[in-house]
Amino acid sequence: MKLNPDLLRPLLGTIGLMIGFGVYAVAGDLPQPWQRLSIGLMFVLLGVSAVIYAKGERWIQVLGGVLLLYGALRMFLIG
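Quick caveat: nothing in here was measured; it's all calculated off a predicted structure.

### Considerations on a nonpolar patch on the surface
Step number 1: Nonpolar side chains collect at one region of the surface, where Leu69, Tyr70, Leu73, Phe76, Leu77 and Ile78 lie side by side and expose about 610 Å² of accessible area between them.
Step number 2: Given a relative accessible area of 36%, Ile78 falls into the partly exposed group.

### Focus on the packing of aromatic side chains
Step number 1: On inspection of all chains with the given rule, the structure shows one aromatic pair.
Step number 2: Arranged with centres 4.9 Å apart and planes meeting at 85°, the rings of Phe43 and Tyr70 form a pair that is edge-to-face. Highlighted residues: Phe43 in helix H2 (residues 34-54) and Tyr70 in helix H3 (residues 58-76), separated in sequence by 27 residues.

### Observations regarding the layout of surface pockets
Step number 1: Looking at the largest pocket, its volume works out to about 410 Å³.
Step number 2: Taken together, Gly13, Gly16, Leu17, Gly20, Phe21, Tyr24, Ile39, Met42, Phe43 and Leu46 make up the lining of the largest pocket.
Step number 3: At the level of elements, helix H1 (5-28) and H2 are the ones that each hand at least two residues to the lining of the largest pocket.
Step number 4: For the lining of the largest pocket, a count of residues per class yields seven nonpolar, three polar and no charged.

### Considerations on the UniProt feature "transmembrane region" (unreviewed entry) in the chain
Step number 1: The feature "transmembrane region" (unreviewed entry), as annotated in UniProt, sits at residues 7-27, 33-53 and 60-78 in this numbering.
Step number 2: For residues 33-53, helix accounts for 95% and strand for 0%, while the C-alpha atoms at its two ends are 30 Å apart.
Step number 3: Taken end to end, residues 60-78 comprises 89% helix and 0% strand; its first and last C-alpha atoms sit 24 Å apart.

### Regarding the side chain of Arg74
Step number 1: Among the structural elements, Arg74 can be located in helix H3.
Step number 2: Notably, Arg74 is buried but unbridged: the nearest opposite-charge side chain belongs to Asp29, and the N-O separation is 11 Å.
Step number 3: Apart from residues lying up to four places away in sequence, Arg74 is in contact with Tyr24, Arg36, Ile39 and Gly40.

### Brief notes about H2
Step number 1: An ideal rise of 1.5 Å per residue puts 30 Å on 21 residues; H2 measures up with 30 Å between its terminal C-alpha atoms.
Step number 2: Looking at the residues trailing H2, positive phi occurs at Lys55, about 45°.

### Some points on the packing of H2 against H3
Step number 1: Taken N-terminus to C-terminus, the directions of H2 and H3 make an angle of 165°; their axes are 7 Å apart at the nearest point. Looking at the two axes, H2 sits roughly antiparallel to H3. Seen along the crossing, H2 lies across H3 with a hand that is left-handed.
Step number 2: Classifying every residue of the contact of H2 with H3 gives 17 nonpolar, six polar and two charged.

Rules used in this analysis
Residues numbered from 1 in each chain as written. Predicted model: local features only at pLDDT ≥ 70, side-chain atom pairs only at ≥ 80, totals over all residues. Heavy atoms only, no water. Patch = residues over 30% accessible without salt bridge, like charges linked within 9 Å, V, L, I, M, F, W, Y side chains within 5 Å. Areas by Shrake-Rupley, 256 points an atom, 1.4 Å probe, with all protein chains shown as cover. Salt bridge = Lys/Arg side-chain N within 4 Å of Asp/Glu carboxyl O. Buried < 20%, exposed > 50% of the residue type's maximum accessible area, 1.4 Å probe, protein only. Phe/Tyr/Trp six-rings, centres within 6.5 Å; stacked < 30°, edge-to-face > 60°. Helix = DSSP H or I, 4+ residues; strand = E, 2+ residues; numbered from the N terminus. 1 Å grid on protein atoms, 1.4 Å probe; cavity = no way out; pocket = protein on both sides within 12 Å on 5 of 7 lines; lining within 4 Å. Points joined across faces, edges and corners; volume = space filled by probe spheres on them. Nonpolar A, V, L, I, M, F, W, Y, C, P; charged D, E, K, R; others polar. UniProt positions renumbered as here; feature names shortened; annotations may be inferred. Lys, Arg positive; Asp, Glu negative; His and termini not counted. Contact = heavy atoms within 4.5 Å. Expected span 1.5 Å × (residues − 1). Axes fitted to C-alpha atoms, helices over the stretch in contact; angles between N-to-C directions. Parallel < 35°, antiparallel > 145°, perpendicular 65-115°, else oblique. Left-handed = near helix turned anticlockwise from the far one by under 90°.

Given below as structure tokens:
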């Protein structure tokens, strides 16, 4: 049986969101400064992956840059 990629993508996205929220919740229980650093690093990694995934789609590249910047600010200034 072969799965249709159009049906598989939302399923993988939903699983990814569930994992992401679970990891975010675990990081929220860490003591400071590890909580701030780990959550900021997650946003940086998400931004980098969005920029790599974009492949010419400007708005996704901009979103990745915003996530990357927010993650860096979150690690060192916010929180």
